[in-house]
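Results of the structural survey
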Amino acid sequence: MGSFCVASGRGFLRQFPVLSSMQSRSYSLQLSGDLLRTQGFISGRWVSAPSTFPVLDPATGAELARVSDCGPREAQDAVRAAHSAFQSWRSQTAKERSVLLRKWYDLVNQHKEDLAKLITAECGKPMKESVGEIAYSASFLEWFSEEARRIYGDIVPAPAKDRKMLLLKQPVGVASVITPWNFPSAMITRKVGAALAAGCTVVVKPAEDTPLSALALAELAVQAGIPPGVFNVVPCSREKTPAVGEVLCTDPLVAKVSFTGSTATGKLLLKHAAGTVKKVSMELGGHAPFIVFDSADVDKAVAGAMGSKFRNSGQTCVCSNRFLVQSGIHDAFLEKLGKTMDAELRTGHGFEPTTTQGPLINVRAAEKVERQIADAVSQGAMVLKGGKRLEGSFMQPTLLSNVSTNMQCMQEETFGPLIPVVKFNTEEEALAIANASPVGLAGYFFSQDLSQIWRVAEQLEVGMVGVNEGLISAAEAAFGGIKQSGLGREGSKYGIDEYLEVKYVCIGGLSL
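Remember, predicted model here, so these are calculated numbers, not experimental data.

1. Some remarks on the pairing of strand β18 (residues 418-424)
Where burial is concerned, most of β18 is hidden: 6 out of the 7 residues are buried. Two elements, strand β15 (residues 320-326) and β18, share 4 bridges in a ladder whose sense is parallel. Looking at the pairing, L324 lines up with V422 of β18. Pairing between strand β17 (residues 398-401) and β18: 3 bridges, direction parallel.

Below, the structure written as structure tokens:
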């Protein structure tokens, strides 16, 4: 059994609202099933590195654990292990791979509470959300365990009678999987589930802030019977991330790179991968518009805004970032949204049962939100709720009105609990503002006008659209963006194609 203690700091919750029970309180975390792992995982073995790096509780700054700081050498070892395992893993039947993924899924569900505790400890999100993430994580293992047996090729009618034309789908090989901190479990299973189902092997580099969730998944992969070398994890510090990332994107034995993170980092990894022309999937930054038209049901729009914006304290790639509200409904929307924020949002440590808003991942993240608020206010925006930086990496959930499109919060992704509201008059104006972005991951709008729903859904320049709904993610859905929000799709029946090549086979000289 593994355990560690999270010591609370003081004064985190002086505003919006105060939860005095958190101050000077300690949180003890007990995990069963050897889930607290701190070494790298390569070729089925737990591997130490010459040095370690700390994993911190973002709510308090307390050290949770010290994890092996893998470098380029360990990354190369993991790639070689994955390449060696690929030869046998690809030869297993689809049913055999399906059964193992199903066992992994069952184990994740069996240990959902412990896995959720790890997420809350290292990521900061409230336990209710962490439990939800584990369910979401498990759903990808279940989905792709089923899709493994549905990798169908084609028989193509040939132009000549003496031949047959076949299209086979085959695994690409070793996949490097580089994942973010905001969904430290789900972003791994969404990629790895598809890769393993297709017959690929993987090397995972988790975010330096949240490696414990990845290592716990590795432990459960062992228990599920995933063969050595099929699933490898190389945790590393921020300092070693560039060197490790370069190995995972340039090594000739790697056939595929899958990355979720910022657009800037994605562009750098694309340059690395180009040298050996690797297959790539990139799920990059978003800047999601949230449009409320005059015909909308205001209560549903407010509920959608709350779910979309404040999940994980605004730290998701599909969070609504730019709120556009039509003039006829603008004041009513702001009033109801403000009241709902007062009634439903509680800031605190994620282990407190009443907490809905945990900390941001680190102080730098809080400083970014603080800068955006200051910039908006300096240009005439009005703070209706919140607006202040709290101690550490906590931010007050903030509602701004009188926002203009030239403000920083309308020009760059926030990744924090900030709602800036722009008033607009016409549908054309809203679409012009929404589409005036180099990225296009998700977009949301609320309307009860059926014709408008069709028009706007088709004209929004994003890869995913929520209509009268703020929460759109599901294993069955195709997740991904357009423009500079990335390449490829994850989840759905299309997600497995990212790890497959189509081979054309022509059999000639037949006597038919």
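Back to the write-up after that little detour.
2. As for the sheet that holds strand β7 (residues 154-156)
The antiparallel open sheet is built from 3 strands, whose spatial order is β7-β8-β24. With partners counted over all chains shown, the strands left at the sheet margins are β7 and β24 (500-507), one partner each. Strand-to-strand twist in this sheet, taken as the mean axis angle between neighbours without regard to direction, amounts to 25°. Here 8 bridges tie strand β8 (residues 164-171) to β24, and the two strands are oriented antiparallel to one another. Paired with L167 across the bridge in β24 is Y504.

3. Structural notes on the pattern of salt bridges
If you walk through the whole model with that rule in mind, you get 20 salt bridges. Between E490 and R190 there is a salt bridge; the shortest N-O distance is 2.9 Å. Linking E490 in the loop between β23 (486-487) and β24 with R190 in helix α5 (residues 186-198), this pair joins segments that are 300 residues apart in sequence. According to the relative accessible area criterion, R190 is buried, its value standing at 2%. In this structure, the salt-bridge partner of E427 is R455, at a minimum N-O distance of 2.7 Å. Of this pair, E427 sits in helix α13 (residues 427-435) while R455 sits in helix α14 (residues 450-459), and the two are 28 residues apart along the sequence. One network of salt bridges, with partners in common, ties together R190, K191, E283 and E490.

4. A closer look at the UniProt feature "domain: Aldehyde dehydrogenase" (unreviewed entry) in the protein chain
The UniProt record marks residues 46-505 with the feature "domain: Aldehyde dehydrogenase" (unreviewed entry), using the residue numbering of this structure. Counted over residues 46-505, helix gives 40% and strand 21%. Its end C-alpha atoms are 42 Å apart.

5. A closer look at the side chain of Q357
With respect to the helices, strands and loops of the structure, Q357 is situated in the loop between α10 (330-344) and α11 (363-378). Looking at Q357, its side chain comes within polar contact range of the main-chain oxygen of F310, at 3.0 Å. Residues within four places of Q357 in sequence aside, it is in contact with P126, F310, S313, L345, R346, T347, G348, F394, P397 and P417.

6. Observations concerning the packing of aromatic side chains
Summed over all chains, the structure comprises 9 aromatic pairs. With 5.8 Å between their ring centres and 85° between their planes, W181 and F415 make a pair best called edge-to-face. Within this pair, whereas W181 is found in the loop between β9 (174-178) and α5, its partner F415 is found in the loop between α12 (408-411) and β18, the two being separated by 234 residues in sequence. Ring geometry for F293 against F424: centres 5.7 Å apart, planes inclined by 85°, an arrangement best described as edge-to-face.

7. Points about the side chain of S393
With respect to the helices and strands, the residue S393 is situated in the loop between β16 (382-385) and β17. Classification of S393 as buried rests on a relative accessible area of 2%. Within the local environment of S393, its side chain forms a polar contact with the backbone oxygen of L360, the two atoms lying 2.8 Å apart. Those residues in contact with S393 that lie beyond four places of it in its chain are P58, P359, L360, N362, V363 and A366.

8. Comments concerning the nonpolar core
Counting residues in hydrophobic clusters, the biggest one holds 96 residues, and the most contacted among them are W104, V108, V192, L196, V202, F231 and I291. Formed jointly, this core draws a minimum of three residues from each of two domains, domain 1 (40-284 + 488-501) and domain 2 (288-474). Core analysis: the second largest hydrophobic core is formed by 29 residues, A305, M306, I329 and F446 among them.

9. Description of helix α3 (residues 112-123)
The first and last C-alpha atoms of α3 sit 16 Å apart over 12 residues, in line with the 16 Å expected at 1.5 Å per residue. For α3, the full list of buried residues reads D114, L115, A116, L118, I119, T120, A121, E122 and C123. The first or second residue beyond α3 is G124, which carries a positive phi of 100°.

10. Side note on the environment of T426
As for its placement among the helices and strands, T426 is situated in the loop between β18 and α13. Its relative accessible area of 37% is what places T426 among the partly exposed residues. When the C-alpha positions of T426 and T52 are compared, they lie 56 Å apart, and in sequence the two are 374 residues distant.

Rules used in this analysis
- Residue numbers here run from 1 along each chain, matching the order of that chain's written sequence.
- Reporting of local features is limited, given that this is a predicted model, to residues whose pLDDT is at least 70; pairs of side-chain atoms are given and counted only at 80 or more, and all residues count toward the totals for whole chains, interfaces and linings.
- Each side-chain value is derived from all of the structure's non-hydrogen atoms; neither hydrogens nor water enter the calculation.
- Residue exposure (1.4 Å probe, protein chains only): buried if accessible area is under 20% of the type maximum, exposed if over 50%, otherwise partly exposed.
- Comment: elements are numbered from the N terminus, with helices defined as DSSP H or I runs of at least four residues and strands as E runs of at least two.
- For two strands to be treated as a pair, DSSP must find no fewer than two bridges joining them.
- Axis angles are defined between N-to-C directions and span 0 to 180 degrees, where every axis is a line fitted to C-alpha atoms and, for a helix, only to the segment in contact.
- By definition here, a salt bridge exists when the distance from a side-chain nitrogen of Lys or Arg to a carboxyl oxygen of Asp or Glu is within 4 Å.
- UniProt positions are given in the numbering used here, feature names are shortened, and annotations may be inferred rather than shown by experiment.
- Side-chain atoms alone can form a polar contact between residues adjacent in sequence; in general such a contact is a pair of N or O atoms within 3.5 Å, and within protein one must be able to donate a hydrogen while the other accepts it.
- Note on contacts: a residue pair is in contact if any heavy atoms of the two residues lie within 4.5 Å.
- Each pair of aromatic rings taken from Phe, Tyr and Trp, with Trp reduced to its six-membered ring, is defined by centres within 6.5 Å and is described as stacked if the planes are under 30 degrees apart, edge-to-face if over 60, and tilted in the remaining cases.
- Residue types Ala, Val, Leu, Ile, Met, Phe, Trp, Tyr and Cys, when buried and joined through side-chain atoms within 4.5 Å, form a set referred to as a nonpolar core.
- Start and end positions for the domains come from either an automated domain assignment or a database one.
- Given the number of residues in a helix, its expected span is that number minus one, multiplied by 1.5 Å.

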